[in-house]
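# Descriptive structure summary
These are the residues of each chain, in order.
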Amino acid sequence: MDFFSQIINGLGIGSIYALVALGYSMVYGIVQLINFAHGDIIMVGAYVVFVIIVMMGLPLWLAVLGSIIFCGIAGVLIERIAYHRLLVRDAPRISLLITAIGVSIFLQNLFQLLFGSDAKSMPRMFSFSPLQLGGLQITSSTVLNILVSVIMMAGLQLMVSKMKIGKAMRATSEDAGAAKLMGINTNTTIAFTFGIGSALASAGAVLYCNTYPQIKPIMGGLLGLKAFVAAVLGGIGSIPGAMLGGYLLGVAESLTNAYISSNLTDAVVFGILIIVLLVKPAGLLGKNTREKV
Amino acid sequence: MLGISRKKKISYVVNLAIVILLYLVFTMLIRQGIVNSYYSDIMNMMCINIIMAVSLNLVTGLLGQLVLGHAGFMLVGAYTAGLFTIHSGLPLPVAFPIALVLGGLVAAIFGVIIGVPALRLKGDYLAIITLGFGEIIRVIANNLTITNGAKGLYGIDSLNSRHNLTAMFTYIFFIAVLTIFISFTFGTSRHGRAVISIREDEIAAEASGINTTYYKLLAFILAAFFAGVAGGLYAHQIGLIDPSKFDFNRSVEILVMVVLGGMGSITGSIISAGVLTILPEALRGFASYRMLLYSIVLICVMLFRPTGLLGRSEFSLMKTVDKIRGAVKGKKQDPASNKEG
Amino acid sequence: MSVLETKNLGIAFGGLQALEDVHFSINEGEIIGLIGPNGAGKTTVFNLLTDVYMPTQGVIELDGNNIVGKKTYQITQNGIARTFQNIRLFKDATVIDNVKIAMNSQMKYSVLAGMFRLPSYRREEKAVSKRAHELLEVFNLDGYAHDSAKNLPYGKQRKLEIARALATNPKVLLLDEPAAGMNPTETMELMETIMLIRDKFHVAILLIEHDMNFVMGICEHIVVLDYGRIIAEGTAEEVRSDPKVIAAYLGGE
């Protein structure tokens, strides 16, 4: 029974990774950039919630909405200011990566200046009684995490496969040049992708605050890194892949914590990543492409 | 033909003279107490960072592969060297050079262990897998008893003593010079050309008879070796090492040095490693704004000079002198005439 | 005696049989043309010969030894060199370095000798430099030796790619559409160069080309592929009048 509750816990944490991984995955799929600043968007989202609820004393729904909108806009702004010029000029991809790292350092230090580097505690946001399932007791935050992540993924999948903007996103990620010739505004599409990815990350931020009621300016670093690992694990560019990677990572972490040692969690996480990449170089659900000669 | 090789020889001599002069001036300044230990420590750190950046440039610049776990090799070298000098029982002046070589070799062995599987992947996937290995190395060092876990390894003696303030500097300076020299000569040897061909087009390299697996691994191992040596120097410079000093951020810091200087440019790596070591110290007064400023500079440089400060070209004193001379002459004579020379 | 011979060569991608029962041989100093409509599998033949793809059936014999299963670089070192349909130069390297890279396996000095500029380094580099310049001269490229390959005009890039392939000392040279994108004068010049290469370097040349005047003009023997099978072979005259070839190119029947 303990084993199952560990798995459920893992799924709960994995849901947060999954939501953040979706952003990494979509952005990578469309511009082939490991957006290192994406993890810090979670932190931004968390602080927005903090400001609205704790400092301004406004209701919760406003905080959630505000955080999602703020992060969406921040995502678009970051793309416009820091990446756009490089994307348009087809600059070396590594320059783009270093810029992303720069944005990450910038956000962390900006928030350290604004709010101080110490941890801030968050009030309980959503609480209802734990779910009783046979002999298993599932905490409210776990239920919420899983529920929200599944709904978000379904929505996103629907958007990408059915809606016009989703088709534009797929076309741009397949071949940006051809997409442009077909009359797709790739610039808008790219900005939109950053916006959606950031909005999803802020949803992840809300869930994170609800699960671990403490926030810090550097919280996005490791969280982002792990979410990124989740995206690669599942197959970067694939939405179900990001979800699968997120859940797998959460479960692996939770089981390592419970049965091996919490000190080794990160080593296990990266160990799994390495093994998966060596066996399936494009990740679990990713597509292998081969260069044409 | 003869002119070129003579020019090369002159350039070697000039560079050697500059190196020796620099060394003499600095040791004198340290001995006279004009440069105090704070500044000489910064000098030493600068040289260590130069070794790290120049060695990473072998993989990132020459081979064209992104590596995000270079600090992992530095960790291996630092702990190997530190443990050796602590436990060997040999007198430090004897143990130290052996420890450095050992640190480099063990790091190189890790380079093989990591490189063989990792180099099957390319681009971002290689970056991620090296990141993973780097983190694993750190976590393991955090949990072993021999490394003293997260508390870190302490009591690693510095080579400097009250009578000899420049011993560390001498080692670090000349190893940095040697690293720079070797990466130049390696880059222009048949092996370096083979590595460059992989960067340019792996399929064409293979079709030109280049054993790409071998040369990728060679560049990777060489980089790991120098990072290991740098780690050994670092351990003895700092005296206390713990795994958190070699985390992902450290790897990123070194990568930034390489990219900012211009990928593939050794002189670019040297300049940016130097500047990026000194800058944070110089900005100590603005403690809280320091990193903010750093990130803005980083973003701006990348936005307006995406290929880094020097791109792929090298800064050369001789060429600069030639250019200035040419410019002066050109004004007096026909400007088109010195285009060929 | 043939330098290169394929027997029953074929490859299937998943369920699709891209090449089947390809059988041909080429002698020293011979120039063979490989023609066929688009998608017939011509480049695939090159990719099988150089192990870019692994054949699913058949053998490839170079000097009587089966080379199937050898790595691309080993095949090159054993004597098959190629160019690519879409030029693949080492763009940021200099013109002469492009050639020197291909001469790498003929040099023997060690990593340490290179790092510390030992006598073996100086000796071998000097020899290679001389040979590289000579090779570039054959192609009238010596004047560009120290320019970046990417700065060469298109026609010269094609030539450099051939020079680079020759630098590996091949017994067989595979040229994938060498005249693509060239104007008639350049094409004429290229024909002469290819004849010259054959006479000067004693290599066997197998070339893919769509320009029929070019193929008919210099190839002693022509192999025609269609849908992954050889449908005809022989001299230019024989192939030209073969009804199967005409049908393949014009469609119908």
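Reading the values: rules and limits
- Residues numbered from 1 in each chain as written.
- Chains lettered and ligands numbered in written order.
- Predicted model: local features only at pLDDT ≥ 70, side-chain atom pairs only at ≥ 80, totals over all residues.
- Heavy atoms only, no water.
- Helix = DSSP H or I, 4+ residues; strand = E, 2+ residues; numbered from the N terminus.
- Rg over C-alpha atoms; globule rule 2.2 N^0.38 Å.
- Buried < 20%, exposed > 50% of the residue type's maximum accessible area, 1.4 Å probe, protein only.
- Lys, Arg positive; Asp, Glu negative; His and termini not counted.
- Charge placed at Lys NZ, Arg CZ, Asp CG, Glu CD.
- Pairing = 2+ DSSP bridges.
- Axes fitted to C-alpha atoms, helices over the stretch in contact; angles between N-to-C directions.
- Contact = heavy atoms within 4.5 Å.
- Salt bridge = Lys/Arg side-chain N within 4 Å of Asp/Glu carboxyl O.
- UniProt positions renumbered as here; feature names shortened; annotations may be inferred.
- Buried area = accessible area lost by both parts, 1.4 Å probe.
- Polar contact = N/O pair within 3.5 Å; in protein donor to acceptor, adjacent residues only side chain to side chain.
- Nonpolar A, V, L, I, M, F, W, Y, C, P; charged D, E, K, R; others polar.
- Core = buried A, V, L, I, M, F, W, Y, C linked by side-chain atoms within 4.5 Å.
- Parallel < 35°, antiparallel > 145°, perpendicular 65-115°, else oblique.
- Disulfide = S-S within 2.5 Å.
- Expected span 1.5 Å × (residues − 1).

Further remarks concern the overall build of chain B. Along its length, chain B carries 13 helices and 0 strands. A compact globule built from 341 residues should have a C-alpha radius of gyration of about 20 Å, and chain B, at 21 Å, falls within 12% of that. Judged by the C-alpha coordinates and their principal axes, chain B covers about 70 × 55 × 45 Å. The burial tally for chain B puts 55% of its 341 residues in the buried class. Of the charged side chains in chain B, 27 are positive and 16 negative; the average position of the first set lies 8 Å away from that of the second.

Residues and elements named next belong to chain C. On the basis of which strands lie adjacent, the open sheet formed by 6 strands has the order S6-S7-S8-S3-S9-S10 and mixed pairing. Here the strands that pair on one side only, and so sit at the sheet edges, are strand S6 (80-82) and strand S10 (229-234). When the angles between neighbouring strand axes are averaged without regard to direction, this sheet yields 20°. Here strand S9 (residues 221-226) pairs with S10 via 5 bridges, running antiparallel. Bridge pairing in S10 places Val223 opposite Glu233. Its contacts with the sheet put helix H1 (residues 42-49) on strand S3 (31-35), S6, strand S7 (172-176), strand S8 (204-208) and S9, and the angle it makes with S8 is roughly 140°. With respect to the sheet, helix H6 (residues 154-166) is in contact with S6 and S7, its orientation differing from that of S7 by roughly 160°.

Pairing of side chains with opposite charge becomes possible as their charged atoms draw close. Under the defined criterion, the tally for this structure stands at 22 salt bridges over all chains. One salt bridge connects Arg93 of chain A with Asp124 of chain B, and the closest N-O pair in it is separated by 2.4 Å. Linking Arg93 of chain A in helix H4 (residues 93-115) with Asp124 of chain B in helix H5 (residues 123-143), this pair reaches from one chain into another. The class for Arg93 of chain A is partly exposed, based on a relative accessible area of 41%. In this structure, Glu189 of chain C and Lys159 of chain C form a salt bridge, with 2.7 Å as the shortest nitrogen-oxygen distance. Highlighted residues: Glu189 of chain C in helix H7 (residues 184-201) and Lys159 of chain C in helix H6, separated in sequence by 30 residues. In this structure Glu189 of chain C comes out as partly exposed when scored by relative accessible area, which is 39%. Through salt bridges with shared partners, one network takes in Lys226, Glu253 and Asp266 of chain A.

Attention now goes to the UniProt feature "transmembrane region" (unreviewed entry) in chain A. Residues and elements named next belong to chain A. This chain's UniProt record puts "transmembrane region" (unreviewed entry) on residues 6-26, 33-54, 60-82, 94-115, 135-160, 190-208, 228-252 and 264-283. End C-alpha to end C-alpha, residues 60-82 measures 32 Å, and it is 100% helix and 0% strand. Here residues 264-283 runs as 75% helix and 0% strand, with 23 Å between its end C-alpha atoms.

Attention now moves to the pairing of S9 of chain C. Residue and element names in this part refer to chain C. The buried fraction of S9 amounts to 5 of the 6 residues, a majority that puts the element mostly inside the structure. Where S3 and S9 come together, 4 bridges link them in parallel fashion. By the bridge assignment for S9, Ile32 is matched with His221. The hairpin turn running from S9 into S10, its antiparallel successor, is 2 residues long, and Tyr227 in that turn takes a positive phi close to 45°.

Right, let's talk about the interface of chain B and chain C for a bit. Many authors give the size of an interface as the accessible area that is lost as the parts come together. Listed per partner, the contact involves 30 residues of chain B and 32 residues of chain C. Buried surface at the junction of chain B and chain C, both sides included, amounts to about 2600 Å², of which 58% is carbon and sulfur. Counting the surface chain B buries against chain C, the share from its top three residues, Arg190, Arg193 and Ser208 of chain B, is 25%. Counting across the chain B and chain C interface gives 2 salt bridges. Residue Arg193 of chain B is joined to Glu125 of chain C by a salt bridge in which the shortest nitrogen-to-oxygen separation is 3.1 Å. At the junction of chain B with chain C, the criterion picks out 17 residue pairs in polar contact (both at pLDDT 80 or more). Elements with a contribution of two residues or more to the side of chain B that touches chain C: helix H6 (167-187), helix H7 (190-200), helix H8 (202-207) and helix H9 (212-238) of chain B. Examining the composition of the side of chain B that touches chain C, we find that 7 residues originate from one element, H7 of chain B, more than from any other. Taken together, the residues of the side of chain B that touches chain C break down into 15 nonpolar, 8 polar and 7 charged.

A word on the sheet that holds strand S5 (residues 65-66) of chain C. Residue and element names in this part refer to chain C. Taken in spatial order, the 4 strands of this open sheet run S2-S1-S4-S5, and their pairing is antiparallel. At either margin of the open sheet sits one strand with a lone partner, and together these are strand S2 (16-27) and S5. The pairing of strand S4 (residues 57-62) with S5 spans 2 bridges and is antiparallel. Looking at S5, one finds that Leu62 is bridged to Asn65. Most of the contacts of H1 go to strand S1 (residues 2-13), to which it runs at about 110°, and overall it touches S1, S2 and S4.

Quick look at the nonpolar core now. Note on soluble globular proteins: their nonpolar side chains tend to be buried together. The biggest cluster of nonpolar side chains holds 231 residues, and the ones touching the most others in it are Phe36 and Tyr83 of chain A. Per-element accounting of this core gives the leading share, 15 residues, to H9 of chain B. Leave out the neighbours within four places in its chain, and Tyr83 of chain A touches Leu33, Asn35, Ala37, Ile78, Leu96, Thr99, Ala100, Val103 and Phe194 of chain A. Core analysis: the second largest hydrophobic core is formed by 54 residues, Ile162, Leu175, Ile197 and Cys219 of chain C among them.

Below, the discussion takes up the packing of helix H1 (residues 2-31) of chain A against helix H6 (residues 164-174) of chain A. Residue and element names in this part refer to chain A. Direction vectors running N to C along H1 and H6 enclose 55°, while the axes themselves pass 6 Å from each other. One finds that H1 runs oblique with respect to H6. Counted together, Met26, Gly29 and Ile30 of H1 and Met169, Thr172 and Ser173 of H6 form the full contact between these two elements.

Time to look at the side chain of Thr193 of chain A. Residue and element names in this part refer to chain A. Structurally, Thr193 can be placed in helix H8 (residues 186-211). Judged by relative accessible area, Thr193 falls into the buried class, the value being 0%. If we ignore the near neighbours within four places in the chain, the residues touching Thr193 are Met26, Val27, Ile30 and Met169.

Glancing now at the state of the cysteines. Summed over all chains, the structure comprises 0 disulfides over all chains. Cys71 of chain A provides the cysteine sulfur closest to Cys209 of chain A, a residue in no disulfide bond, and the two sulfurs are 10 Å apart.

Turning next to the interface of chain B and chain A. Contact with chain B, which involves 38 residues of that partner, is made by 42 residues of chain A. Roughly 3600 Å² of surface becomes buried between chain B and chain A when both sides are summed, with 82% attributable to carbon and sulfur atoms. Summed over the three residues of chain B that lose the most area to chain A, namely Tyr125, Ile128 and Leu303 of chain B, the buried surface amounts to 17% of that side. Where chain B meets chain A, there are 1 salt bridge. Our enumeration of links across chain B and chain A arrives at 6 residue pairs in polar contact (both at pLDDT 80 or more). Of all the secondary structure elements, the ones that give two or more residues to the side of chain B that touches chain A are H5, helix H10 (248-261) and helix H12 (287-304) of chain B. Among the elements that take part in the side of chain B that touches chain A, H12 of chain B stands out by supplying 12 residues, more than any other. Within the side of chain B that touches chain A, the residues separate by chemical class into 29 nonpolar, 6 polar and 3 charged.

Before going further, it helps to examine H8 of chain A. Residues and elements named next belong to chain A. Over its 26 residues, H8 extends 37 Å from the first C-alpha to the last, a length consistent with the 38 Å expected when each residue adds 1.5 Å. Counted residue by residue, H8 has 21 buried out of 26 residues, so it is predominantly covered. You can read the cap of H8 off the contacts: a side-chain oxygen lies 3.2 Å from the backbone nitrogen of Asn187, and it is on Asn185.

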